[in-house]
Amino acid sequence: MALKSKLLLIILDGVPYRNWRRLMGNLEGWAQSGEAQVWKMRSVLPSTSACCYASIHTGVTPQVHGILSNENRFRVTQPDIFSEVSKAGGKTGAVTHSYWSEFFRSYPFDLVEDMEFNDPSGPITHGRFHTMTGYNLKNQMTPSDVDLFATLTMLVKRHGIDYGILHTCTLDSMGHRFGHDCIEMDHACYAMDGMLAAFLPKWREAGYEVIVTADHGQTDRGHHGGHDDEMQDVALYYFGPAKGPEADTLLDQLQLAPTVLSRLGVEIPETMKAKVFLG
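Residues numbered from 1 in each chain as written. Predicted model: local features only at pLDDT ≥ 70, side-chain atom pairs only at ≥ 80, totals over all residues. Heavy atoms only, no water.

**Q** Which residues make up the overall build of the protein, and what are the values?
**A** The secondary structure content of the protein amounts to 11 helices and nine strands. The principal-axis extents of the C-alpha atoms in the protein amount to approximately 50 × 40 × 35 Å. Across the 279 residues that make up the protein, the buried fraction comes to 57%. Within the protein, contacts between residues at least 6 apart in sequence are counted, and of these 71% link residues at least 24 apart. (Helix = DSSP H or I, 4+ residues; strand = E, 2+ residues; numbered from the N terminus. Buried < 20%, exposed > 50% of the residue type's maximum accessible area, 1.4 Å probe, protein only. Contact = heavy atoms within 4.5 Å.)

Rendered as structure tokens:
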């Protein structure tokens, strides 16, 4: 069954709003040229990675889906973007940290069986995951972002996925190590922006709408999880034909899941109560 459109969701982990707007020159250039629209989006609480991942895809708060920390993980029970797109006959792809597999496919993550798979019957049709096992401040254990972008592009070209998500922890890991107001982070954002810029036109030419955003922000001391603008507020860039709200509108992270399903032409489940922001 053909869906109404195709969409890719790009999650750059742990980037505060101000660093998007001042350091991401390619994204900002497309916004200034009118090829992208940009808003501020506020994450759920706790503004912790796993909590945000589960909320981004289910459209419900951590207090509802139950993922309340990075250590508290299981297969969530609420409908999510993968499950609903698959139910509608669409093909999904994921190039992400293994937590996404645990939340939306199976828990616990099996290093051999779950790292890479093609499953026509599953909620995630094509999965390519990484774990960052052994991560610490001196060794980030993150894949190269250009490798991840290329892998998503491979799923687009080889399998014609209808919905794809890419998630990278590089900037979050850099922020935990250096904070977000330093030479190292300036360059890390510049490098990420450049790598992403090389792939965005290809995705658009292939017929995909694209959303680029973060799961949460981060402070200059490299922290997130709490109730603070630096920890919660991120930018969201949208590339596509839909029109969004006024530029000064503050979006809620819970709006992401129903909005993605709306753009794909997939029925929004009753559990996703937040307002669609693209129409």
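**Q** I'd love a proper account of the packing of aromatic side chains, names of residues and values included.
**A** Summed over all chains, the structure comprises 15 aromatic pairs. Ring geometry for Phe149 versus Trp203: centroids 6.1 Å apart, planes at 65°, classification edge-to-face. Highlighted residues: Phe149 in helix α7 (residues 145–159) and Trp203 in helix α9 (residues 183–205), separated in sequence by 54 residues. An identical accessibility class is assigned to Phe149 and Trp203; each is buried. Here the aromatic residues Tyr53, Phe82, Tyr99, Trp100, Phe103, Phe104 and Tyr163 are joined through ring pairs into a cluster of three or more. In this arrangement the basic side chain of Arg105 is found over the ring face of Phe117, its NZ or CZ atom lying 3.5 Å from the centre. A cation over a ring is seen here: Lys202 above Phe199, with NZ or CZ 5.0 Å from the ring centre. (Phe/Tyr/Trp six-rings, centres within 6.5 Å; stacked < 30°, edge-to-face > 60°. Lys NZ or Arg CZ within 6 Å of the ring centre and 35° of its normal.)

**Q** Explain the nonpolar core residue by residue, including any values.
**A** Ranked by size, the top nonpolar core spans 84 residues in total, and within it Ile10, Trp20, Tyr163, Trp203 and Val212 carry the most contacts. The element that contributes the greatest number of residues to this core is α9, accounting for nine residues. (Core = buried A, V, L, I, M, F, W, Y, C linked by side-chain atoms within 4.5 Å.)

**Q** An account of the pairing of strand β2 (residues 37–42) is needed here, citing residue identities and associated values.
**A** The sheet contact formed by β2 and strand β8 (residues 233–239) spans six bridges and is antiparallel. The residue bridging Trp39 from the neighbouring strand is Leu236, located in β8. The pairing of β2 with strand β9 (residues 250–252) spans three bridges and is classified as parallel. By the bridge assignment for β9, Lys40 is matched with Leu250. (Pairing = 2+ DSSP bridges.)

**Q** Explain the pattern of salt bridges to me, and be specific about the residues and the numbers.
**A** Applying the stated criterion across every chain yields a total of 12 salt bridges. As a salt-bridge pair, Glu84 and Lys87 come within 3.3 Å of each other at their nearest N and O atoms. Of the two residues, Glu84 and Lys87 both sit in helix α5 (residues 81–87), three residues apart, roughly one turn of that helix. Among the residues examined, Lys87 registers a relative accessible area of 65% and is labelled exposed. Here Asp119 makes a salt bridge to Arg105, at a shortest N to O gap of 3.9 Å. On the criterion of sequence distance, the pair formed by Asp119 in the loop between β4 (116–118) and β5 (126–130) and Arg105 in the loop between α6 (98–104) and β4 is long-range, its members being 14 residues apart. Note on Arg105: relative accessible area 23%, which makes it partly exposed. One salt-bridge network, held together by shared partners, links Arg18, Asp220 and Glu230. (Salt bridge = Lys/Arg side-chain N within 4 Å of Asp/Glu carboxyl O.)

Bear in mind that shape data such as this cannot, by itself, settle questions of function.
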